[in-house]
Structures are given as C-alpha cells and as structure tokens.
Amino acid sequence: MPEDYFGERVAERYDSAAEMFEPAVVDPAVDFLADLAGDGAALELGIGTGRIALPLTQRGVRVHGIDLSAAMVAGLRAKPGAGDIGVTIGDFATARVEGTFSVAYLVFNTIMNLTTQEEQIACFQNIAAHLEPGGCFVIEVGVPGLQRLPPGETVRAFNVSATRLGFDEYDVVSQGLISHHYSVVDGQLEVFSVPFRYVWPSELDLMARLAGMTLRERWSGWKREPYTSDSTKHVSAWEKTA
C-alpha cells in the first residue's frame, strides 16, 4: 500500500485553497465529465473531499470514489449530499469496486501520486477493467515543465509569497518530482513535501494502448481549449475499445 501523504493535517486545510473551489474552476470540469458520463455512472480516483464529485452528483451523475486517505474522505462525508456517493478506501491503481462506469477520471495532477511507471500502467489497466465498452478515462495533469528549468538546475519555484513558498525539485533521470511546501500558519513554519512522478502525454497514450484504450480527445483545459506546444497542462480522454 502506498504511503498516505494526505492525513488529518492536510485534510483539515485542503478546502482552504479557495481558488480550486471557485465555480470558474469547478464548473467546466463538471460540465466536461457530465457530458461523457451521460446516463451512466462515474468513478473518481482520488476523490478527496469531494471538490468535483459533489457538484457532479448534483448534476444527476452517480459517482463512486476511491481514495487512500481516510482523513480526506471524512471531510467529504461531513458535507451535504455526500451520502449519495460511495467510497472505497484503497490504492486507486489496484482497488476494485462493483459495477461498471461510463467515465472514470483523475483530476489536478493526481496521476502523479503514483510514483513509478509500473503503478501508472496498473492504474490504466485497473480503470479499463471498470469501464463499459466505449467508456472514457479522463486525466487532468500538468505538462512536465522541464523547458522552464535553466541548464544544470533541478529546482523551480511555483509559489512565492509572504506566507507561502513552494518549490518543485526534479529528478530528470527517474522522472521524479518532489513538491516542497513551506507555509506560515499561526506564526509557525510548517513544512510539507510529497513525491510525484511526472509523465508525458505520449507516455500516457502508450499506457492507454496497453490497457485497450485509444485517445479520443486532448485539450489544454476543461473548456476544450486547443492543446499546443505552449500548454502547461492537458485534459485527455481515452476511450475503451468496444
């Protein structure tokens, strides 16, 4: 079982990242996923506190989630409407749930929480086993920012403010990335670091092919903005072969 980096300390503050919960951020994702779900059910990997699952449920889509963190799921359970959502505690690369789904999804870089290529491949295979024929697996993830690293450097800042510092530390040999967070909370410095594995779009396409899925669409955002060489993230959907 992978290590759970999203325990009570993280879970109790997770919803304070207000920009993530803004309707301008959430609504396009929900629209995209509801369109793919149709009359079927949705499976969210890394459901967390329900940022996407709850509004998707309100749109009439049946949602089941998988998450490693019992603390994050407790945050979901405390919210109105959560009783309509089933949750399985476990590793979403391998955990199985009953039923089949018309769409499964991983948002906000969560695929990178699987820190080896083998785990990421297993995730695609696991999802393929849960999808109905013609169903889609959707991932929202950043494009690796190696072009923004000066030659010979491995650390890039992603947040610098009076109360928070954030740095990504790259290992370009293993495609490893450690995200370091330094925050001032109630006058005290809190330090939080979590490992990831960054992954290229073409690599994800191959993982999908190995699992019996093919690329259906790729965009630079949930509003189906064109994906270009300047895109810093992508939203991709792979369809299970009928």
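What you are looking at is a predicted structure, and each value in this text was computed from that prediction instead of being measured.

(A) Summary view of the pairing of strand 11 (residues 233–240). Where burial is concerned, most of strand 11 is hidden: six out of the eight residues are buried. In this structure, strand 5 (residues 131–142) lies alongside strand 11, joined through seven bridges in antiparallel fashion. Across the sheet, Glu140 pairs through a bridge with Val235, a residue of strand 11. By the bridge criterion, six bridges tie strand 10 (residues 213–219) to strand 11 in an arrangement that is antiparallel. Opposite Trp219, over in strand 11, you have Val235 as the bridge partner.

(B) Examining the state of the cysteines more closely. This model, assessed by the stated rule, comprises zero disulfides. In this structure Cys123 is not part of a disulfide, and its nearest cysteine sulfur, from Cys136, lies 15 Å away. When its relative accessible area of 1% is taken as the criterion, Cys136 is described as buried.

(C) Just unusual backbone geometry, in detail. Despite not being glycine, Asn109 has its phi angle at roughly 70°, a positive value. Note on placement: Asn109 falls in the loop between strand 4 (101–106) and helix 5 (117–130). In this structure, Arg224 takes a positive phi of about 60° despite not being glycine. By the secondary structure assignment, Arg224 is in the loop between strand 10 and strand 11. Judged by relative accessible area, Arg224 falls into the partly exposed class, the value being 30%.

(D) Quick peek at the pairing of strand 2 (residues 62–67). Judged by how many residues are buried, strand 2 sits mostly within the fold: five of six residues are covered. Where strand 1 (residues 41–45) lies against strand 2, five bridges are found, and the strand directions are parallel. When the bridges of strand 2 are listed, Ala41 appears paired with Arg62. A crossover connection joins strand 1 to the parallel strand 2 through helix 3 (residues 53–58); in handedness this β-α-β unit is right-handed. Pairing geometry for strand 2 and strand 3 (residues 86–89), over four bridges, is parallel. Paired with Gly65 across the two strands is Val87, which belongs to strand 3. Tracing the backbone out of strand 2, into helix 4 (residues 70–77) and back to the parallel element strand 3 gives a crossover that is right-handed.

(E) Region of interest: the nonpolar core. Ranked by size, the top nonpolar core spans 37 residues in total, and within it Leu45, Ile111, Cys123, Phe124, Phe137, Ile139 and Met213 carry the most contacts. Secondary structure elements with two or more residues in this core: strand 1, strand 4, helix 5, strand 5, strand 9 (188–197) and helix 6 (201–210). Beyond its immediate sequence surroundings of up to four residues, Cys123 is in contact with Leu45, Phe92, Ala93, Leu106, Ile111, Leu114 and Phe137. If you look at the next biggest cluster of nonpolar residues, it comprises 29 residues, including Ala34, Leu56, Val138 and Ala237.

What counts and how
- Starting afresh in each chain, residues are numbered from 1 along the sequence in its written order.
- For this predicted model, a pLDDT threshold of at least 70 governs which residues receive local features, and a threshold of 80 or more governs which side-chain atom pairs are given and counted, while totals over whole chains, interfaces and linings are taken from all residues.
- Excluding hydrogens and water, the side-chain values take into account all heavy atoms of the structure.
- Throughout this description, buried means an accessible area under 20% of the type-specific maximum (1.4 Å probe, protein chains only), exposed means over 50%, and partly exposed covers the range between.
- Numbering of helices and strands starts at the N terminus; helices are DSSP runs of H or I of at least 4 residues and strands are runs of E of at least 2.
- Two strands qualify as a pair provided DSSP detects at least 2 bridges between them.
- Only a pair of cysteine sulfur atoms within 2.5 Å counts as a disulfide in this structure description.
- By convention, a crossover is right-handed whenever its connection, traced from the first strand over the helix to the second and viewed with the strands pointing away, goes clockwise.
- Side-chain atoms within 4.5 Å are what join buried Ala, Val, Leu, Ile, Met, Phe, Trp, Tyr and Cys residues into a set we call a nonpolar core.
- Residue contacts are defined here by distance: any two heavy atoms, one from each residue, within 4.5 Å place the two residues in contact.

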